[in-house]
Protein chains: 4
Amino acid sequence: MSTLIYVADELAYPIDWDPTEYRYVQIANHIEKQIQDGVLTEGAALPAVPALAEEYGVARMTIKRAVEILVERGLVTVLRGRGTFVRRRG
Amino acid sequence: MSTLIYVADELAYPIDWDPTEYRYVQIANHIEKQIQDGVLTEGAALPAVPALAEEYGVARMTIKRAVEILVERGLVTVLRGRGTFVRRRG
Amino acid sequence: MSTLIYVADELAYPIDWDPTEYRYVQIANHIEKQIQDGVLTEGAALPAVPALAEEYGVARMTIKRAVEILVERGLVTVLRGRGTFVRRRG
Amino acid sequence: MSTLIYVADELAYPIDWDPTEYRYVQIANHIEKQIQDGVLTEGAALPAVPALAEEYGVARMTIKRAVEILVERGLVTVLRGRGTFVRRRG
DNA sequence: GTGGTCTAGACCACA
DNA sequence: GTGGTCTAGACCACA
């Protein structure tokens with residue numbers, strides 16, 4: 001059995017760094033915005049951690065922190081070994 | 001990919017305190033002099049903040065202020081999590 | 001105003017590494033045991049992060065993860081810029 | 001304190017697959033041969049797991065199994081988060 | 001081939 | 001002088 005899922009290939013919006021805010025918070029907000037706007041739809045997989053790290057220009061650990069925030073907000077579900085998936089629109 | 005860089009281990013010159021000038025300005029000038037004289041060459045990393053604080057006998061916040069001045073002067077670039085690097089000679 | 005607090009200087013118990021369990025979980029459990037046994041009493045400050053990192057032989061980030069667990073368990077409170085303090089016995 | 005170490009960039013010898021022997025055993029033997037011949041010297045870091053996986057054309061799990069064998073033979077030491085290092089010649 | 005843990009050590013924010 | 005963030009890149013666990 002296999003499931004076809006949408007995987008985002010690149011950032012839908014540019015991200016402007018606000019030096020007064022932590023990067024992982026900015027990244028979490030940026031991804032949340034894409035979920036709210038329907039760029040990332042329910043059930044869609046986020047790009048893989050290394051891809052996100054490269055797109056946002058940060059280390060993998062920073063992406064992990066951002067994803068933790070999205071999990072706390074109930075926006076995504078992490079399936080170990082499979083990927084990170086959108087749960088619902090914000 | 002990795003790059004070998006020169007890291008200064010200690011002060012190249014002694015520093016004399018002028019009580020009429022802020023220490024962070026003096027430290028900025030002192031480091032600028034080392035860049036101008038080629039003691040710290042383009043691409044070189046400055047010593048870490050705690051090391052500079054100890055060598056100059058000041059708090060780390062004072063070093064941070066001095067580095068901000070050097071950034072404003074376009075002499076160094078701060079790369080978060082990596083270090084502070086010489087951009088060009090003054 | 002100042003407050004006298006007890007600061008632990010070294011590990012009260014040895015810690016045996018169980019390679020099947022994450023180190024930050026082991027460290028959290030190990031510190032919890034010291035709180036339960038009264039080695040670390042209410043209001044006491046934990047050793048500083050660098051000290052704990054050295055005692056447990058891990059990186060600072062691993063200590064941070066262990067402390068996050070202790071915070072979730074309601075055992076300690078982190079006061080940014082001041083230290084980490086025992087809230088209550090387990 | 002830091003130490004400069006030698007890191008192997010590619011295979012020193014070609015490897016011929018013997019279909020009657022498990023690949024992870026072959027890979028362990030192949031690496032052991034390089035240690036015995038001094039291609040990988042004491043203290044040297046093995047190439048990273050993904051690099052070895054690509055060079056041998058196997059999954060990373062297979063490399064992990066080969067490294068386990070080398071550990072059992074006392075030839076290498078795995079330091080989590082740092083790398084895998086040659087302990088002594090075979 | 002994903003996400004998770006971990007290192008060593010950098011600068012940052014707070015008190 | 002504390003804890004926090006962040007890097008670059010290692011091995012680990014899971015599917």
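Residues numbered from 1 in each chain as written. Chains lettered and ligands numbered in written order. Predicted model: local features only at pLDDT ≥ 70, side-chain atom pairs only at ≥ 80, totals over all residues. Heavy atoms only, no water.

Caption draft 1: Geometry of the overall build of chain A. What chain A contains, in helices and strands, is three helices and two strands. Starting at the N terminus, the α and β elements of chain A follow one another as α-α-α-β-β. Per-residue burial for chain A yields a buried fraction of 33% across its 90 residues. Contacts in chain A between residues at least 24 apart in sequence constitute 57% of all its contacts with a sequence separation of at least 6. Here chain A displays about 5,800 Å² of accessible surface, and carbon together with sulfur accounts for 52% of that area. (Helix = DSSP H or I, 4+ residues; strand = E, 2+ residues; numbered from the N terminus. Buried < 20%, exposed > 50% of the residue type's maximum accessible area, 1.4 Å probe, protein only. Contact = heavy atoms within 4.5 Å. Areas by Shrake-Rupley, 256 points an atom, 1.4 Å probe, with all protein chains shown as cover.)

Caption draft 2: Structural view of the side chain of Gln26(C). Residue and element names in this part refer to chain C. Along the chain, Gln 26 turns up in helix H1 (residues 23-36). We classify Gln 26 as buried; its relative accessible area is 7%. Within the local environment of Gln 26, its side chain forms a polar contact with the backbone oxygen of Glu 21, the two atoms lying 2.8 Å apart. Those residues in contact with Gln 26 that lie beyond four places of it in its chain are Ile 15, Asp 16, Trp 17, Asp 18 and Glu 21. (Polar contact = N/O pair within 3.5 Å; in protein donor to acceptor, adjacent residues only side chain to side chain.)

Caption draft 3: Inspection of the pattern of salt bridges at higher detail. A full pass over the atoms with the stated rule returns 16 salt bridges over all chains. A salt bridge links Asp37(A) to Lys33(A); the shortest N-O distance between them is 3.1 Å. Judged by relative accessible area, Asp37(A) falls into the partly exposed class, the value being 42%. Salt-bridge contacts for Arg73(B) lead to Glu32(B); the nearest nitrogen and oxygen are separated by 2.5 Å. Taken together, the residues Arg73(B) in the loop between helix H3 (60-72) and strand E1 (76-79) and Glu32(B) in helix H1 (residues 23-36) connect sequence positions 41 residues apart. For Arg73(B), a relative accessible area of 31% gives the class partly exposed. For Glu32(B), a relative accessible area of 17% corresponds to the buried category. Connected through salt bridges with shared partners, the residues Lys64(A), Arg65(A) and Glu68(A) form a single ionic network. (Salt bridge = Lys/Arg side-chain N within 4 Å of Asp/Glu carboxyl O.)

Caption draft 4: Summary view of the protein's contact with DNA strand E. Taken together, 40 residues lie near DNA strand E, and Val49(B), Arg23(C), Tyr24(C), Thr62(C) and Arg60(D) sit nearest. Residue Ala59(C) places a main-chain N or O atom 2.7 Å away from a phosphate oxygen belonging to DNA strand E. Between DNA strand E and the protein, one listed contact pairs a base nitrogen with a side-chain N or O atom of Arg80(D) at 3.1 Å. Elements represented by at least two residues in the surface near DNA strand E include exactly helix H3 (60-72) and strand E2 (83-86) of chain A, helix H2 (49-56), H3 and strand E2 (83-86) of chain B together with H1 and helix H3 (60-72) of chain C. In terms of residue class, the surface near DNA strand E is made up of 16 nonpolar, 10 polar and 14 charged. (Near = heavy atom within 4 Å. Nonpolar A, V, L, I, M, F, W, Y, C, P; charged D, E, K, R; others polar.)

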